[in-house]
Each structure stands twice: as C-alpha cells, then as structure tokens.
Amino acid sequence: MDILNIIFAIASIGLGAFGWLAPRYTMDVLNLSGHTDTMGMSEVRASAGCLFIGMGLGALLIGSPAAYLMLGCCWTGAAVGRLTSLLRDGQTSKKWGYFAVEAAVGVPAILINL
C-alpha cells in the first residue's frame, strides 16, 4: 500500500509541474483560450500546477494514511467535477480520459487509506 501512496503523490507532483512550469502548454491541452493579460496563466500555474504539487508534497511529508486519504479525496473531487461536466456539458474522449485518470488515482487512494 505504501508504494501506491507514493506513486499517487508523485503523480500529483508530476502532473502539477506541467501546470506550474508550462502553463501555455497546459492551457492548450485543456482547450483554454488565452487572453491579452496573464491572469489565465496565473490561474493555471496556481490551480492546475502548484496546488497539485502541494497536495503531493504534503502527503509525502506528512506520510500518514490520513494525508494520503486527503490526496485521494482531492483527486476524487476532481473526478466528480469532470463527471458533472460529462453529464451536463457534453461528452468528449478527452474528458473521459481525464476522468479516468482522476478516478484511477482518487478512488484507490481513498480505499487503501480508510
């Protein structure tokens, strides 16, 4: 179980690094349009980047089942939001792919740390 927790935390850090260090790339992948100011990139760096890095690092630093459980809750929350979009905003293969990753990290992280 410990190895899975570490993998989930490292996945959070790795995926967050894209949002933090490559916000334009992340915005392109997520089909987010750029604006004339930099607020969009700032939001991606924060919410799709360092937030996930902080979640992963926090779980690794604390190292308790509760920390990894919270990491799972965060990922599962993202999956619920994505599922809501699939049901209300229309379905695409990209949305299903992101949902699958979010659920594949979140649900097991919850189940192995309860």
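Here's a quick rundown of the structure. Predicted model only: the values in this text are computed from it and were never measured. (Residues numbered from 1 in each chain as written. Predicted model: local features only at pLDDT ≥ 70, side-chain atom pairs only at ≥ 80, totals over all residues. Heavy atoms only, no water.)

Our focus in this paragraph is the overall build of the chain. Each helix and strand in the chain was counted, giving 5 helices and 0 strands. Beginning at the N terminus, the succession of helices and strands in the chain can be written as α-α-α-α-α. In terms of overall dimensions, the chain is globule-like: its C-alpha atoms have a radius of gyration of 15 Å, near the 13 Å expected for 114 residues. In terms of its C-alpha atoms, the chain occupies a principal-axis envelope of roughly 45 × 30 × 15 Å. Within the chain, buried positions represent 31% of all 114 residues. Long-range contacts, defined as pairs at least 24 residues apart, comprise 65% of the intrachain contacts of the chain with a sequence gap of at least 6. Of the roughly 6900 Å² that the chain leaves accessible, carbon and sulfur atoms contribute 70%. A distance of 6 Å separates the average location of the 6 positive side-chain charges in the chain from that of its 6 negative side-chain charges. (Helix = DSSP H or I, 4+ residues; strand = E, 2+ residues; numbered from the N terminus. Rg over C-alpha atoms; globule rule 2.2 N^0.38 Å. Buried < 20%, exposed > 50% of the residue type's maximum accessible area, 1.4 Å probe, protein only. Contact = heavy atoms within 4.5 Å. Areas by Shrake-Rupley, 256 points an atom, 1.4 Å probe, with all protein chains shown as cover. Lys, Arg positive; Asp, Glu negative; His and termini not counted. Charge placed at Lys NZ, Arg CZ, Asp CG, Glu CD.)

Okay, the environment of Val 107 next. If you trace the backbone, Val 107 turns up in helix H5 (residues 93-111). Its relative accessible area of 36% is what places Val 107 among the partly exposed residues. In this structure, the C-alpha to C-alpha distance between Val 107 and Leu 86, residues 21 residues apart in sequence, is 18 Å.

Our focus in this paragraph is the packing of aromatic side chains. One pass over the structure, following the stated rule, counts 3 aromatic pairs. Both rings, one in Phe 52 and one in Trp 75, keep their centres 5.2 Å apart while their planes meet at 70°; by these two values the pair is edge-to-face. Residue Phe 52 is located in helix H3 (residues 39-62), and its partner Trp 75 is located in helix H4 (residues 65-88); the two are separated by 23 residues in the primary sequence. The burial state of Phe 52 is the same as that of Trp 75; both residues are buried. (Phe/Tyr/Trp six-rings, centres within 6.5 Å; stacked < 30°, edge-to-face > 60°.)

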